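# Structural characterization, general
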Amino acid sequence: MQIETDLTGKLLIAMPGIGDPRFERSVILICAHTPDFAMGIMLNRPMEGIDLQEIIDQMDIPQQVGLEGVAILEGGPVATERGFVLHTDDVICDGATMEVEDELCMTATREILAAIASSAPPRKFVMALGYAGWAAGQLEQELAQNAWLIGAPDSDLVFGDAYEHKWRHALTRMGVDLSRLQSDAGNA
């Protein structure tokens, strides 16, 4: 099987039986992928007991809009105290915003939170604490072991709030028949 060399902007969809409960049924947007590392944000794990309003209040960011009830995602097990915002490209923070794919960007600064709390926020956004990370060759090895499927993102998968349905949505969008998906697939 030929594995793509740059998965930036692609989705990783966990196969059943991935073997790591942190990633069971996860959907991850790969934000950066080089020969040295890969990093992505889990899109379907909202955190309990915290919302974006609480983050804005903790950081004492002036705001012009209410953000109560806006979910914060568990982005992954690495750097769980750091915030990452996936957002549309209508707001760019000079020197800090990284283009992920077409109109999709990632920014990890206070400036993007200030924009979100302002009267001119990005059209769409989602914030996560932490990220999923892989060392050189690690993601490629997991792909070769059939731990992940690779898919294309859409707006609902990235920004939608139907978190419990994203894994199934990502698979059916790819044409995967869930009744035939096995957790112990091998290599041919």
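Summarised in this report is the structure supplied together with it. Since we're looking at a predicted model, the values are computed, not measured.

### Concerning the overall build of the protein
In terms of helices and strands, the protein carries five helices and ten strands. For the protein, whose C-alpha radius of gyration is 17 Å, the value lies close to the compact-globule estimate of 16 Å for 188 residues. With respect to the principal axes defined by its C-alpha atoms, the protein has extents near 55 × 30 × 25 Å. Looking at the 188 residues of the protein, the share that counts as buried comes to 44%. In the protein, of all internal contacts separated by at least 6 residues, the share reaching a separation of at least 24 is 66%. Between the centroid of the 12 positive side chains of the protein and the centroid of its 29 negative side chains there is a distance of 6 Å.

### A short note on the nonpolar core
If you look at the biggest cluster of nonpolar residues, it comprises 40 residues, and the most contacted ones within it are Leu12, Ile28, Leu86, Trp134, Leu139 and Trp148. Here this core takes six residues from strand E2 (residues 27-33), the largest share from any one element. When residues no more than four places from it in sequence are discounted, the contact partners of leucine 139 are Leu7, Leu12, Ile30, His33, Ala38, Trp134 and Trp148. Within the second largest apolar cluster, 16 residues are counted, among which are Cys93, Leu113, Ala115 and Met127.

### As for the packing of aromatic side chains
Across all of its chains, the model carries three aromatic pairs by this definition. Consider the rings of phenylalanine 84 and tyrosine 131, whose centres lie 5.5 Å apart with planes at 75 degrees: the pair is edge-to-face. Within this pair, whereas phenylalanine 84 is found in strand E6 (residues 78-88), its partner tyrosine 131 is found in strand E9 (residues 125-135), the two being separated by 47 residues in sequence. Taking the centre distance of 6.3 Å and the plane angle of 80 degrees together, the rings of tryptophan 134 and tryptophan 148 count as edge-to-face. Note that tryptophan 134 is positioned in strand E9 and tryptophan 148 in strand E10 (residues 148-151), a separation of 14 residues in sequence. Taken together through their ring pairs, the aromatic side chains of Phe23, Trp134 and Trp148 make up a single cluster.

### A word on the pairing of E2
Extensive coverage of E2 is indicated by the burial of seven of its seven residues. As paired elements, strand E1 (residues 11-14) and E2 share three bridges and run antiparallel to each other. Bridging from a neighbouring strand, leucine 12 pairs with isoleucine 28 of E2. In this structure, E2 lies alongside strand E3 (residues 37-42), joined through five bridges in antiparallel fashion. Each residue of the ladder has a partner; that of leucine 29, found in E3, is isoleucine 41. Adjacent in sequence and paired antiparallel, E2 and E3 are bridged by three residues.

### What to know about the pattern of salt bridges
Counted by the stated rule, this structure contains four salt bridges. Arginine 123 is paired through a salt bridge with aspartate 90; the nearest N and O atoms lie 3.6 Å apart. Here aspartate 90 lies in the loop between E6 and strand E7 (98-101) and arginine 123 lies in the loop between helix H2 (110-117) and E9, a separation of 33 residues in the sequence. The class for aspartate 90 is partly exposed, based on a relative accessible area of 35%. As a salt-bridge pair, arginine 123 and glutamate 103 come within 3.5 Å of each other at their nearest N and O atoms. Of this pair, arginine 123 sits in the loop between H2 and E9 while glutamate 103 sits in the loop between E7 and strand E8 (104-107), and the two are 20 residues apart along the sequence. Since its relative accessible area comes to 52%, arginine 123 is described here as exposed. The network of salt bridges with shared partners includes Asp90, Glu103 and Arg123.

Procedures and definitions
- Residues numbered from 1 in each chain as written.
- Predicted model: local features only at pLDDT ≥ 70, side-chain atom pairs only at ≥ 80, totals over all residues.
- Heavy atoms only, no water.
- Helix = DSSP H or I, 4+ residues; strand = E, 2+ residues; numbered from the N terminus.
- Rg over C-alpha atoms; globule rule 2.2 N^0.38 Å.
- Buried < 20%, exposed > 50% of the residue type's maximum accessible area, 1.4 Å probe, protein only.
- Contact = heavy atoms within 4.5 Å.
- Lys, Arg positive; Asp, Glu negative; His and termini not counted.
- Charge placed at Lys NZ, Arg CZ, Asp CG, Glu CD.
- Core = buried A, V, L, I, M, F, W, Y, C linked by side-chain atoms within 4.5 Å.
- Phe/Tyr/Trp six-rings, centres within 6.5 Å; stacked < 30°, edge-to-face > 60°.
- Pairing = 2+ DSSP bridges.
- Salt bridge = Lys/Arg side-chain N within 4 Å of Asp/Glu carboxyl O.

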